[in-house]
Each structure stands twice: as C-alpha cells, then as structure tokens.
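Results of the structural survey
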Amino acid sequence: MLPTPPVQEAIDLREPPLVSGLPQAQHSHMEINPKAVALPKSADHLEKGKYGPIYPKTPACHGFTIIANVKPGRAEAIRSYGERLAKALEPDPYLLAPLKLHYLRWVLFDNDTRFMYQGIFDTEFDKYTEDAVVLFRKAGLDTAFENLEGFPIDWKTNTPAFITFLRDHQCPSFLEYGEYPYFTSDEIKKALKIKAALSEMLEQMQ
C-alpha cells in the first residue's frame, strides 16, 4: 500500500498579501477587518519632525486636507490646471507615481472663493510635499496652489515655505476609517495583478 500523501492546508489566494509591520495572521487565511481611529484635536503629544508634528498612519493611510482662499478671479485657472493635469496623465499614467497616492480630490466651494485639496497617500506628510516639489520641478510643472492667497511664489526653490503653507492650511481630521486598513497602494495593485493572473490561468484551464 502506498503511503498517504500529507494533506496540504488550502490557501485563499483571493486575499491581498500581508502588510509589513502588521501582526501576522495565525492561519494561512488572512482576515481583513475594517477599522476606524478617532484622532485627538491637539497634536502636542506627537513626535516633532523637521517641519512640525509627525502625523501617524491611520487605517486610511496618510493624507491631508488643505483649505485656502482663492486669489480673486483665479478659480478658472485652478479648474484649467485640473484639466491639464488629467491630460498629462494620458500619455504618462505614472507621472504622479513618486507621490505614492491612493486618491486626490480637488473642490472649489463658497462660490469659487475657497479651494480644498484632499489627498490620501502612503508617505508621511512632509515627504509627500518634498517629493511633489521635486516632481514638479523635474517635469517643469507649476502647481494649482499658485492661485491661492499666501502661497510662496518661490516654492520651487523654497520647499520649507511650501510645507509651512500646507501645514498652516491643514484641517486635521478627527476620524479616519479604512475598509481595508493600512494597505499601501502598491500592495493593493499587486493583489489585483495576482487576482487577474489567477483568473486568466483558470480561464485557460477550462
């Protein structure tokens, strides 16, 4: 009688890869639970970095919400910049890749007198800004922020002034939620590529 081969535990390949820095799952199946974090109003307890407090990573990763006044008559210039940025991404979809973004949302409100910039990304607050300055300078791009009151005109050579402007106009959130908490954009894209490859393989086997 031939020996019975060992039984291998089934692995659910639908789940994304493990996230470094998070507790390892007890079993091969990784359960992803939504998570929310309430954030205190004061940042005094946070570690201080090069330009100010270092905001912690939340279930929604890193990000900020910038609200500033629009220079009189410059709302259409901001909208036009959004159109140019969208067109620039058509031939080069990875133009903004160095920023490690998940999402961007730009909003003009109060009769086009105020501008809100919301970004969710994987790098820390100040590094995101430093990387943005390098990216825009290298690509020869301007920024929509030039149409905002108080924005430093020498931002391309004065990164600290750019970061100070963002910090001065940052509106910290008090609650952040993630349906798939702490996962980076690279990990999500990798999981989707694995899923697509497995789907293609299963179709070919049929």
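For the structure, see preceding data.
As the structure is a computational prediction, the values presented were derived from the model and not from experiment.

1. Let's talk about the sheet that holds strand β4 (residues 114–121)
- On the basis of which strands lie adjacent, the open sheet formed by three strands has the order β2-β4-β3 and antiparallel pairing. Every other strand in the sheet has two partners, leaving β2 (62–69) and β3 (101–109) as the edge strands with one partner each. Shown here is a sheet whose adjacent strand axes are inclined to one another by a mean of 10°, direction ignored.
- With respect to the sheet, helix α1 (residues 75–88) is in contact with β3 and β4, its orientation differing from that of β3 by roughly 155°.

2. Quick notes on the pattern of salt bridges
- Enumeration according to the criterion identifies nine salt bridges in this entry.
- Here D186 and K100 are joined by a salt bridge, their closest N and O atoms 3.0 Å apart. Remark: K100 occurs in the loop between α1 and β3 and D186 occurs in helix α4 (residues 185–205); sequence separation between them is 86 residues.
- Close ionic contact of K156 with D142 constitutes a salt bridge, the shortest N to O distance being 3.2 Å. Of the two residues, K156 is situated in the loop between α2 (125–139) and α3 (159–168) and D142 in the loop between α2 and α3; the sequence distance between them amounts to 14 residues.
- For K156, a relative accessible area of 27% puts it in the partly exposed group.
- Residue classification places D142 among the partly exposed residues on the basis of a relative accessible area of 36%.

3. Focus on the side chain of T143
- Locating T143 in the fold gives a position in the loop between α2 and α3.
- Ignoring anything within four residues of it in the chain, the contact list for T143 reads Y81, F136, F151 and W155.

4. Brief notes about empty space enclosed by the protein
- Summed over the entire model, instances satisfying the criterion amount to one cavity of 30 Å³ or more.
- There is about 180 Å³ of room inside the largest cavity.
- For the largest cavity, the lining is made up of 17 residues, of which W106, Y117, Y128, F136 and T143 are closest to its centre.
- Counting only elements with at least two residues in the lining of the largest cavity, the list comes to α1, β3, α2 and α3.
- A total of four residues in the lining of the largest cavity trace back to one element, the largest contributor, which is α2.

5. A closer look at the pairing of β4
- Both β2 and β4 contribute to a ladder of eight bridges, which runs antiparallel. When the bridges of β4 are listed, A68 appears paired with F115.
- Across eight bridges, β3 lies against β4 in antiparallel orientation. Counted as the bridge partner of F109 is R114 from β4.
- Counted along the chain from β3 to the antiparallel partner β4, the turn is four residues long, and its residue D110 has a positive phi close to 50°.

About the thresholds
Residues numbered from 1 in each chain as written. Predicted model: local features only at pLDDT ≥ 70, side-chain atom pairs only at ≥ 80, totals over all residues. Heavy atoms only, no water. Pairing = 2+ DSSP bridges. Helix = DSSP H or I, 4+ residues; strand = E, 2+ residues; numbered from the N terminus. Axes fitted to C-alpha atoms, helices over the stretch in contact; angles between N-to-C directions. Contact = heavy atoms within 4.5 Å. Salt bridge = Lys/Arg side-chain N within 4 Å of Asp/Glu carboxyl O. Buried < 20%, exposed > 50% of the residue type's maximum accessible area, 1.4 Å probe, protein only. 1 Å grid on protein atoms, 1.4 Å probe; cavity = no way out; pocket = protein on both sides within 12 Å on 5 of 7 lines; lining within 4 Å. Points joined across faces, edges and corners; volume = space filled by probe spheres on them.

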